[in-house]
Amino acid sequence: MSGTLTLNKITAQRGISVGEAAKKIADLGWNPSYVQEAMTFPTDYKITKAPKDPMKQVLRSYFPMQEEKDNRVYGALDAALRGDMFRNVEPRWVEWMKLFLAIIPFPEISAARSMAMVGRLAPGEDLRTGFTMQMVDEFRHSTIQMNLKKWYMENYIDPAGFDITEEAFGKCYATTIGRQFGEGFITGDAITSANVYLTVVAETAFTNTLFVAMPSEAARNGDYALPTVFLSVQSDESRHIGNGHSMLMSMLKEPENHLLLERDMRYAFWQNHAIVDAAIGTFIEYGTTNRDKNKESYAEMWHRWIFEDYYRTYMLPLEKYGIKIHHDDVQTAWKRLTEKHYVHKVAQFFAVGWSANFWRIEAQTDKDFEWFEHKYPGWYAQFGEFWKWYEKLSHRGQTNILFNSDVGYVYPHRCWSCLVPCLIREDIVTDEIDGKLHTFAHELDRWTAVEAFAGEYQGRPTPAMGRFSGRREWESVYHNVDIADAIKDLGFVRTDGKTLVAQPHLRFDQKEMWTLDDVRGHILKSPLQTLREMSPADREKHLAEYRKGFTINPCN
Amino acid sequence: MTAVQTESAKSGAAGSAVFPDSDSRKYRYFEPRSKRATHYEDVTVDVQPDPERYLLQDWIIAFPNGKGAYTKDNTAALSSNWHAFRAPDQEWERTHYQRQSRIEAMVQAVIANGRKSGAPKSFDKAWIKILQNHLGAWKHAEFGLGTSLMQAQRYGYTQMINNATLTNSSYKLRLSQDITLYLAEIGMDIPGFDDAAGKRAWLEDKGWQGTREAIESIMGSPDYLEQYFATNIVFEPLVGELFRSGFLMQVASSNGDFITPPVISSAEADYERNLANTIDLMHLLVTDNQHAAHNKKLFQGWVNKHVALANKAAAGLQPIWSQPHSKPVQYADARAQSVERIKKILGELGLTLPKE
Ligand SMILES: [Fe+2]
Ligand SMILES: [Fe+2]
């Protein structure tokens, strides 16, 4: 081994160990005695034990490491352009990136903001560097994703939709789901949002589907840019997961936190499932042209990452600390993804509403059908005819599928909790909040909105807990409005003032592109308002019908 | 076989077909500051939404008091257009990492080279005590500002404000760590160096209590903009630059220390950027077409409060100037310079320095 004894090593001076450095840095904090810090982030949790930083990192090594990662990302983007990536990219895939990349920078920067919250609530300063790195990481994620989106806009055949991205994010009926996700990181009880919902569940459980599964599918569709950026993003996550776990461990030390933790794990798991699986499941299963039967389906990946890795190795061990884990929730989510075709129903819903979107959705074809049936037995009987209709109605002059009664699709109620509609029709439930009727996709969504997001939980006051607010049912914003006027109001019109941003096909030909005139003359309705206006008897009848579901008519 | 894919374009590349907006290759939802949007604007503007831009459904989660994720009343300042601010330093992730890692590389190289040549051993004895006690205490001031700005970056009404605050926090926390590790490393070369003395001085020495009170007052403010304002408009010129530039940078070399100045110098460059950002934001507010008078009055109040604290802090540090063997600069001169500096800064905002 004498070969390794280099001159460099002989002359190298004594340095301080990383552990020693981290210890000294953690000692930078003190307890203020002149002015107390304002407790501006409300929480009902009690945290007295200072969380420990198992990773012992310092900014000195952090910044160069990240710069190096960046160099690789930007180098790869340049290389992708030199290699003419966009000549071979699948437009079906890139179109869905208009939705995905409209959503994701906001949850990312929200994660940066939430570091302020955990940073102040954590006693001691051991984890401060970890929180600082995560804050800067999330700033990185947000702006690197905006940069990627800009790059698609500059180089992809149809930039429309990318060019209105952040505005579209605030308005679209699909991005509303992503807003629920991002706002969930920063609003309400600071620990519920910034620790449990963001880190313990979203980052620890669901970032694999976001940042690992998405890149694989991108590469299968000729997109080498997204993998470069998102695998780089994912490489920061293990540190974030470590931060969250340390916080969690110090919270577990207080028995009075246990009930809140049970509540928050339950809420966060269910809602992450409802939101992330809806969105990422759709991108991966419906945004791809690759129908290799040997690749894992979204459900198969979910089983590996969420069920085997997260549930078995992260959630279950919490039981030994006295946290009640709701095993049946995990099973229910799994059943929704498999037997109940959750992702497929979401994709169908997005497709039905294509005209109010800001990206193109093309029909699934025979080649896709085979794969779906192989991976999700029973798929064709439920969705085959629908996609044939969709293709048929993708031509101008046809009646917009959203209003076309020949199809047989019934527009769904919106879930007041996860904001994904009540697509598994038999599971819809209703309840009242402050005397107002609401619809929920599942009993657990009802529980979330009515019982968890309230000022009291199982007899215990929870004054810091958030509330669901705003005009949560998107459809109520355009109740009784002509779809053409709604699209105009949304700004989802190209700059010629008439061609829609969204299109139900990938035909890049002006003659084929739908305009406001092609969709005008149909009135949007809010299912919730309509339900509220019914008499109690009619309402029960309506809901009983709704639970029975619908049948798509044969498409000839 | 009804679903047939027809006429799909063969290439997904820009320009391979012409149709409405096939050439729309700029973000078209915001007004750039100049003719063309900068890269910083493209990756920053409107990523944080609000009911004006463009939350159709308003905030969909609320705090128990009914407020949404971001509200304008997190500061007492008012603006007719919070969205107008653009950070002059144009920082986004890539430039931030490039700059931070360049500084880290420079600082580490300077320390390593200095130690290799045995430099710390030839520091003047009195100077070593100064580094140990006073630079050792100072690192806590920088850290306090860093954590305070980390808190503040949660509260601004726009992405531009919050990201500028975030990078300011990152610079401060880096600096506090740089100083910490610098002292620990030279401490290994200097027999008897007491690495814990700095924190003791910070917590107990009479001379440092004014600085600690000024810092804790910034940390304790519930108004994020006051935190940002007090840091860059008041504390930095009156205490930060006074101690870093007006003492360390000018006195070190004549006491045999050629390492401390380059370690600290990055802080001055950091501050120039953060000051430019802060002045631009505050300038918008004091020239607001509806709220200029309100903001000016508010800011003058902040100036009065934090200048009093900073003056006390500076006065407490005064004895340090007479501690080194070689005294190339007098406290009075350094202080005069820093008073000039803050006068200039306040002048740009139409604010005045209160009399002592
Ligand atoms: Fe992230
Ligand atoms: Fe993260």
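Residues numbered from 1 in each chain as written. Chains lettered and ligands numbered in written order. Predicted model: local features only at pLDDT ≥ 70, side-chain atom pairs only at ≥ 80, totals over all residues. Heavy atoms only, no water.

**Some points on the overall build of chain B**
- For chain B, the helix and strand inventory stands at ten helices and one strand.
- Reading chain B from its N end, one meets helices and strands in the order α-β-α-α-α-α-α-α-α-α-α.
- Here the C-alpha coordinates of chain B stretch approximately 90 × 50 × 40 Å along the principal axes.
- Taking all 356 residues of chain B together, the buried fraction comes to 64%.
- In chain B, of all internal contacts separated by at least 6 residues, the share reaching a separation of at least 24 is 78%.
- One finds the centroid of the 39 positive side-chain charges in chain B at a distance of 2 Å from the centroid of its 40 negative side-chain charges. (Helix = DSSP H or I, 4+ residues; strand = E, 2+ residues; numbered from the N terminus. Buried < 20%, exposed > 50% of the residue type's maximum accessible area, 1.4 Å probe, protein only. Contact = heavy atoms within 4.5 Å. Lys, Arg positive; Asp, Glu negative; His and termini not counted. Charge placed at Lys NZ, Arg CZ, Asp CG, Glu CD.)

**Quick word on the interface of chain A and chain B**
- The interface of chain A with chain B comprises 126 residues on the first partner and 104 residues on the second.
- Overall, the association of chain A and chain B removes approximately 10,200 Å² of surface from exposure, summing both partners, and the carbon and sulfur fraction of that is 59%.
- Area buried by chain A at its contact with chain B is led by Trp30(A), Arg60(A) and Arg113(A), which between them contribute 10% of it.
- If you look at where chain A meets chain B, you find six salt bridges. (Buried area = accessible area lost by both parts, 1.4 Å probe. Salt bridge = Lys/Arg side-chain N within 4 Å of Asp/Glu carboxyl O.)

**Focus: the coordination of the iron ion (ligand 1)**
All names here are of chain A.
- Within the protein, Glu 108 (OE), Glu 138 (OE) and His 141 (ND1) serve as the donor atoms for the iron ion (ligand 1), at 2.0 to 2.2 Å.
- Along the chain, the residues that donate to the iron ion (ligand 1) are spaced as E-x29-E-x2-H.
- In this model, the iron ion (ligand 1) sits 3.2 Å from the iron ion (ligand 2), the two metals being bridged by Glu 138. Linking Glu 108 in helix H6 (residues 105–121) with Glu 138 in helix H7 (residues 128–155), this pair joins segments that are 30 residues apart in sequence. Taken individually, Glu 108 and Glu 138 each receive the classification buried, so the pair is uniform in this respect. (Donors = N, O, S within 2.8 Å, 3.2 Å for Na, K, Ca; no water.)

**Re the pairing of strand S1 (residues 429–433) of chain A**
Residue and element names in this part refer to chain A.
- Two elements, S1 and strand S2 (residues 436–440), share five bridges in a ladder whose sense is antiparallel. Within S2, the residue paired with Asp 431 across the bridge is His 438.
- Hairpin connection of S1 to S2: two residues between the antiparallel strands, including Asp 434 at a positive phi of 50°. (Pairing = 2+ DSSP bridges.)

**Some words on the packing of aromatic side chains**
Residues and elements named next belong to chain A.
- In this structure the tally under the stated criterion is 68 aromatic pairs over all chains.
- Measuring from centroid to centroid gives 5.1 Å for Tyr 310 and Tyr 314, while their planes differ by 20°, and the two rings are stacked. In this pair, Tyr 310 and Tyr 314 are both assigned in helix H14 (residues 298–315), four residues apart and thus about one turn of the helix distant.
- Judged by its relative accessible area of 3%, Tyr 310 falls in the buried class.
- Residue classification places Tyr 314 among the buried positions, given a relative accessible area of 13%.
- Ring plane angle 80° and centroid distance 5.0 Å describe the contact between Trp 354 and Trp 514, whose orientation is recorded as edge-to-face. (Phe/Tyr/Trp six-rings, centres within 6.5 Å; stacked < 30°, edge-to-face > 60°.)

**So, the coordination of the iron ion (ligand 2)**
- Donor atoms from the polypeptide that coordinate the iron ion (ligand 2) comprise Glu138(A) (OE), Glu203(A) (OE), Glu237(A) (OE), Glu237(A) (OE) and His240(A) (ND1), at 1.9 to 2.7 Å from the metal.
- Between consecutive donor residues of the iron ion (ligand 2), the sequence gaps follow E-x64-E-x33-E-x2-H.

**Concerning the confidence of the model for chain A**
- Counting all residues, the mean pLDDT for chain A is 95, and 98% of those residues have values of 70 or more.
- Scored below 50 in pLDDT, residues 1–10 of chain A shows one contact in the model against residues more than four places distant or in partner chains. (pLDDT = per-residue confidence, 0-100.)

**Comments concerning unusual backbone geometry**
- Between Arg53(B) and Tyr54(B) the backbone carries a cis peptide bond, its omega angle lying at 0°.
- Unusually for a residue other than glycine, His341(A) sits at a positive phi of about 55°.
- For His341(A), the position within the fold is in the loop between helix H15 (327–337) and helix H16 (342–352).
- Unusually for a residue other than glycine, Asn480(A) sits at a positive phi of about 65°.
- Assignment of secondary structure puts Asn480(A) in the loop between helix H20 (474–477) and strand S6 (481–482).

**Section: the confidence of the model for chain B**
Residues and elements named next belong to chain B.
- Residues at a pLDDT of 70 or more form 97% of chain B, whose mean pLDDT is 96.
- Note that pLDDT drops below 50 for residues 1–9; the model gives that stretch 18 contacts with residues more than four away or on any other chain.
- Scoring of the predicted complex yields 0.96 for pTM and 0.96 for ipTM.

**Some remarks on helix H10 (residues 331–348) of chain B**
Residues and elements named next belong to chain B.
- In this model, H10 (18 residues) spans 26 Å end to end at C-alpha, consistent with the 26 Å of a helix rising 1.5 Å per residue.
- Those residues of H10 hidden inside the fold are in contact with helix H7 (224–251), helix H8 (260–286) and helix H9 (292–317).
- Looking one or two residues beyond H10, the residue adopting positive phi is Gly 350, at roughly 70°. (Expected span 1.5 Å × (residues − 1).)

**So, the side chain of Thr260(B)**
Residues and elements named next belong to chain B.
- Looking at the element boundaries, Thr 260 is found in helix H8.
- On the accessibility criterion, Thr 260 (0% relative accessible area) is buried.
- A distance of 2.4 Å separates polar atoms of two side chains, one belonging to Thr 260 and the other to Asp 257.
- Filtering out sequence-adjacent residues up to four positions away, Thr 260 remains in contact with Leu 131, Leu 135, Tyr 182 and Ala 252. (Polar contact = N/O pair within 3.5 Å; in protein donor to acceptor, adjacent residues only side chain to side chain.)

**Here's the deal with the packing of H9(B) against H10(B)**
Residue and element names in this part refer to chain B.
- Closest axis-to-axis distance for the H9/H10 pair is 12 Å, and the angle between their directions is 165°. Here H9 is positioned roughly antiparallel relative to H10, judged by the angle of their axes. In terms of crossing hand, the pair formed by H9 and H10 is right-handed. Seen from H9, the contacting residues are Val 303, Val 307, Asn 311, Ala 314 and Ala 315; seen from H10, they are Tyr 331, Arg 335, Ile 342 and Leu 346.
- By residue class, the composition of the contact of H9 with H10 is seven nonpolar, one polar and one charged. (Axes fitted to C-alpha atoms, helices over the stretch in contact; angles between N-to-C directions. Parallel < 35°, antiparallel > 145°, perpendicular 65-115°, else oblique. Left-handed = near helix turned anticlockwise from the far one by under 90°. Nonpolar A, V, L, I, M, F, W, Y, C, P; charged D, E, K, R; others polar.)

**With respect to the environment of Glu391(A)**
- Tracing the backbone through its elements, the reader meets Glu391(A) in helix H18 (residues 379–392).
- Along the sequence, Glu391(A) and His505(A) sit 114 residues apart, while their C-alpha atoms lie 7.9 Å from each other.

**Here's the deal with the pattern of salt bridges**
Residues and elements named next belong to chain A.
- Tallying each qualifying case throughout the model produces 69 salt bridges over all chains.
- Measuring nitrogen to oxygen at the nearest pair gives 3.3 Å for the salt bridge that ties Lys 46 to Glu 256. You can see Lys 46 sitting in the loop between helix H2 (18–26) and helix H3 (59–82) and its partner Glu 256 sitting in the loop between helix H12 (237–252) and helix H13 (258–286), a full 210 residues away along the chain.
- With a closest N to O distance of 4.0 Å, Lys 98 and Asp 158 form a salt bridge.

**Some points on the side chain of Asn400(A)**
- If you trace the backbone, Asn400(A) turns up in the loop between H18 and S1.
- Residues contacting Asn400(A), with those up to four places away along its chain left out, are Trp354(A), Ser355(A), Trp514(A) and Val519(A).

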